[in-house]
Structures are given as C-alpha cells and as structure tokens.
Amino acid sequence: MLTVSEALALVAQRAHNRPAAEVLLADALGLVLAEDVAADVDSPPHDKSIVDGYAVVASDLAEGDARLTILEEIVAGNVPSRQVTSGTTTRIMTGAPLPGGADAVVMIERSEVFPSPAAPLGEARLQATGLTAGQNILLRGASFRQGEVVLRTGAVLRPIEIGLLCEVGRVAVRAIAKPNVAILATGNELVPHGELPGPGQIRNSNGPMLAAAVRRAGGEPIELGIGRDDRDELRRAIQAGLSADVLVVSGGVSAGVLDLAPEVLAELGVERVFHKVRIKPGKPLWFGVLKTAHAAKLVFGLPGNPVSSFVCFELFVRPAMAALAGRGFAGLTTCQAALTKPFVHRGERPTYHPALLRHTKAGSTVEPIVWRGSADLRGLSAGNSLAHFPAGDRTFTAGEKVEVFVLDL
Ligand code: AMP
Ligand code: MG
C-alpha cells in the first residue's frame, strides 16, 4: 500500500495550472495573477501633504516659530491656486496637492490662528523646531511611477493586491481561474440533509461539507447531489461531474458489494493512479485521471465516512486544487506542538488524530481530543487540527513534540 507521501507525489505530478482567463477584480480574490501589471499613473499623482496642517517654505521656520499670512485653504480633491512664498502659508488637509513654492507642512496641532485686517483668512502662528524641507510631504511618484510594474505574474491576489490594482485603474486582470470541483455523494442510504432519515437511512453530510471545503480552499463547488449505488445512475452522475476540473466522489470506494465507483470510473475512461493509501482515517482513498484534449481531469474517490472524507480532502484534494490554481502543490500548514497528555498509538498506518492546537506564550501545545473514529464528525468539530502519529505501536509521552496539521484558516 502506498504511503501518504508517495500518494501525494502521484497527485502532484498530475495537478497542473489551469489556463489564465480575464477575471473581473470583484471575482479575483485569492486568484493567482497571470500578467505583469504596470501603473498607468504616478502614485501619488502629485506632491501631497500627509497631515492636516500648513504648507510653508521650511526656511521660514528657521527660528522654530513664525507668523505667516494664510493664502487659502485646500482640502483633498481641490487644487491650489496660489504660490506659497516666504511669509505666507496655505492651510492644507491630508492628501491635498502641495502648493507650488511650499516644501514642508507644519501639523495643524502646532498652529494658532489670529485675525488680520490684511488677510481674510487671518495669520497662522506656527511652531516647529527643526523643520526641514520635505517634512510631512509625500513626493509625486514616491510609491510608483507611471509604467512601472507594480505586480508580477504569480502574485496571489489578496485584498491588498485588489486595492493596488484599483490604484492603477484595473477593473479586470488576467488570472488563473478558480478550479471547478464537482461533488457527488454516493450511497443508497443517503437522504438530503433537510429530510428526516427513514429506517436504515442517514443524511448526506459529506456533500455540503465538501462543497464548503472546496469553497474555503479557493474553488468553485458544483454539487451533484446524491447518486444511488446503481451502475447506470452513477455513470450518468460521474459523466456530468467529469466536465469539472476535479471530481470528488464520496463513498463507494471501499470493498463492499455496492462500492461501484472504481468500476464505473474505469468504464468511463478514468485511469486509476492509485487505490488505497496507508493512512488512518482514509485508507480506501482512490485517485485517477481522465485525459482529455485540453486537460487532465482529476478524480478523487473519498471514503464515505465523514471524517475520512474530510481528512482525505484536506490532505489530498486541497493541495491539488492549489496546484490547479497556480499556487503550487501546497498542503495544510503544519507545526510542531507539545502533547498535553500521553497518547498511545497502535497500528501500521500513520494516524491523523483530531486535536486541539493552542499557541501559548510558553509555546504550542496539542491535545488529542476524544474521537470515536471515522464517523465521528462531532468529535472532529471539537478540534482545530490533526495531530500526526507515525505508523507503529508506541506511547507518546506528555510534552513530547508531534507534527500538527492546522485545519482552521
Ligand atoms: P462507504 O465509503 O460508501 O462504504 O461509506 C462508509 C460509511 O460512510 C457508511 O457508514 C456510510 O453510510 C457513510 N457515508 C457515506 N456517504 C456519506 C455521506 N454523504 N454523508 C454521510 N455519511 C456517509
Ligand atoms: Mg456506500
């Protein structure tokens, strides 16, 4: 049976960037930029004041104190009409263009205004010792110049980058589009979660859970609903799912009599890459590829038990989606944390055990939570991470450091 890292390597080899497309900025959060973006303007577009205050000729304040005639007042959005010369000043608000002749701004907190018969706006007494030219001013083009590349291909578009793209006037950019991930929950026992299960039935929790996981991982889920364990029905549903970049089938990949997914996938031309991985939970994991003229579609068959489904999604599907999205085959963030209590590990499969990771001043700790196995989603919900215990029988002592996979983002 494959190890987790062998299986991950097989997935990584087959997960490639999707093509770039024109995307509206409003839809671009989290995407990877596929062009170099140059500025169409200087930023700032003019020398500007970075405080509310008085624009002055700095040398007027050589004594640390001056009384200057106020010429006019400029707020952001206005342009100055008067040249500041020695003996005069213009009241200026943050962001407003600096008037010609001025080379520094004195903060408004350092001013007092007096009426003056000769000046309708009065005179300002300013106090500023050690004022130098350039103080409280941001020069035109200080952030970037017109024509300068402000973002390069490969940049991940966070809210910061969305703001920066607005600064250079972009309403759309070329970016690698979100991967579409179709989700099919299989099982005769499943009913939609809004219904009351009858005898022998359970609610489909995996479908909506995986759709949410897809969305959180930066993809676009396509929920195909519930497919019964019937060859023809599965064939139709899987066929529909194969139009997406990734198809995730939940259930039907174990060794039961109605675990039909692998056979139906094979019939539809999906080439099996592996089936079964040495991991707990999640051993029955199935992975295959459908090669088409344009792209290779990735197909994951996740075990039906909700915790297995979720863990396999986070460990295998999420990094594949990141690769499709141009972010590289990146898995969950991991860290080392000290166990809060002893943990007995048994078995030949490494275990990803639901756990509570805490960051304290004294360092990170991890508490394995009470967990009743692959069906115990409620147990998983009490945690925020998975503690990794390597294969083999061993008692881990309190304080011992283990690798932890962080789930919450
Ligand atoms: P399977 O992998 O199809 O053998 O299913 C394993 C277990 O997971 C069975 O107990 C199923 O009832 C349960 N299961 C399968 N699919 C789902 C689902 N979509 N939601 C919740 N439980 C499921
Ligand atoms: Mg089943």
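Residues numbered from 1 in each chain as written. Chains lettered and ligands numbered in written order. Predicted model: local features only at pLDDT ≥ 70, side-chain atom pairs only at ≥ 80, totals over all residues. Heavy atoms only, no water.

Across its full length, the chain holds seven helices and 28 strands. Taking 2.2 N^0.38 as the reference for a compact globule, 409 residues should give roughly 22 Å; the C-alpha atoms of the chain span a radius of gyration of 31 Å, well beyond that estimate. Each principal axis of the C-alpha distribution contributes one length, and for the chain these read about 100 × 55 × 40 Å. In the chain, buried positions account for 47% of the 409 residues. Long-range pairs, those at least 24 residues apart, make up 70% of the contacts in the chain with a sequence separation of at least 6. Of the roughly 19300 Å² that the chain leaves accessible, carbon and sulfur atoms contribute 53%. Within the chain, one finds 40 positive and 42 negative side-chain charges whose respective centroids are separated by 8 Å. (Helix = DSSP H or I, 4+ residues; strand = E, 2+ residues; numbered from the N terminus. Rg over C-alpha atoms; globule rule 2.2 N^0.38 Å. Buried < 20%, exposed > 50% of the residue type's maximum accessible area, 1.4 Å probe, protein only. Contact = heavy atoms within 4.5 Å. Areas by Shrake-Rupley, 256 points an atom, 1.4 Å probe, with all protein chains shown as cover. Lys, Arg positive; Asp, Glu negative; His and termini not counted. Charge placed at Lys NZ, Arg CZ, Asp CG, Glu CD.)

Our focus in this paragraph is the environment of Glu 72. Relative to the elements of secondary structure, Glu 72 occurs in strand E6 (residues 65–74). Judged by its relative accessible area of 13%, Glu 72 falls in the buried class. Sequence-wise, Glu 72 and Asp 229 are 157 residues apart; in three dimensions their C-alpha atoms are separated by 80 Å. What Glu 72 contacts, discounting residues up to four positions off in sequence, is Pro 80, Ser 81, Arg 82, Thr 89, Thr 90, Arg 91 and Leu 121. Here Ser 81 takes part through its backbone nitrogen, which lies 2.9 Å from a polar atom of the side chain of Glu 72. (Polar contact = N/O pair within 3.5 Å; in protein donor to acceptor, adjacent residues only side chain to side chain.)

Time to look at the sheet that holds strand E7 (residues 88–92). Here six strands make up an open sheet; going across it, the order is E8-E5-E7-E6-E10-E9 and the pairing mixed. The open sheet has two free edges, formed respectively by strand E8 (104–107) and strand E9 (111–116), since each of these has just one partner strand. Taken pair by pair, the neighbouring strands of this sheet meet at an average axis angle of 40 degrees, ignoring direction. Note: strand E5 (residues 53–56) against E8, four bridges, orientation antiparallel. Bridge pairing in E8 places Ala 55 opposite Val 105. (Pairing = 2+ DSSP bridges. Axes fitted to C-alpha atoms, helices over the stretch in contact; angles between N-to-C directions.)

A word on the pattern of salt bridges. Applying the stated criterion across every chain, the model contains 20 salt bridges. For Glu 112, the salt bridge goes to Arg 125, with nearest N and O atoms at 4.0 Å. Note that Glu 112 is positioned in strand E9 and Arg 125 in strand E10 (residues 119–127), a separation of 13 residues in sequence. Taking the relative accessible area as the measure of exposure, Glu 112 reaches 40% and is therefore partly exposed. We classify Arg 125 as partly exposed; its relative accessible area is 27%. (Salt bridge = Lys/Arg side-chain N within 4 Å of Asp/Glu carboxyl O.)

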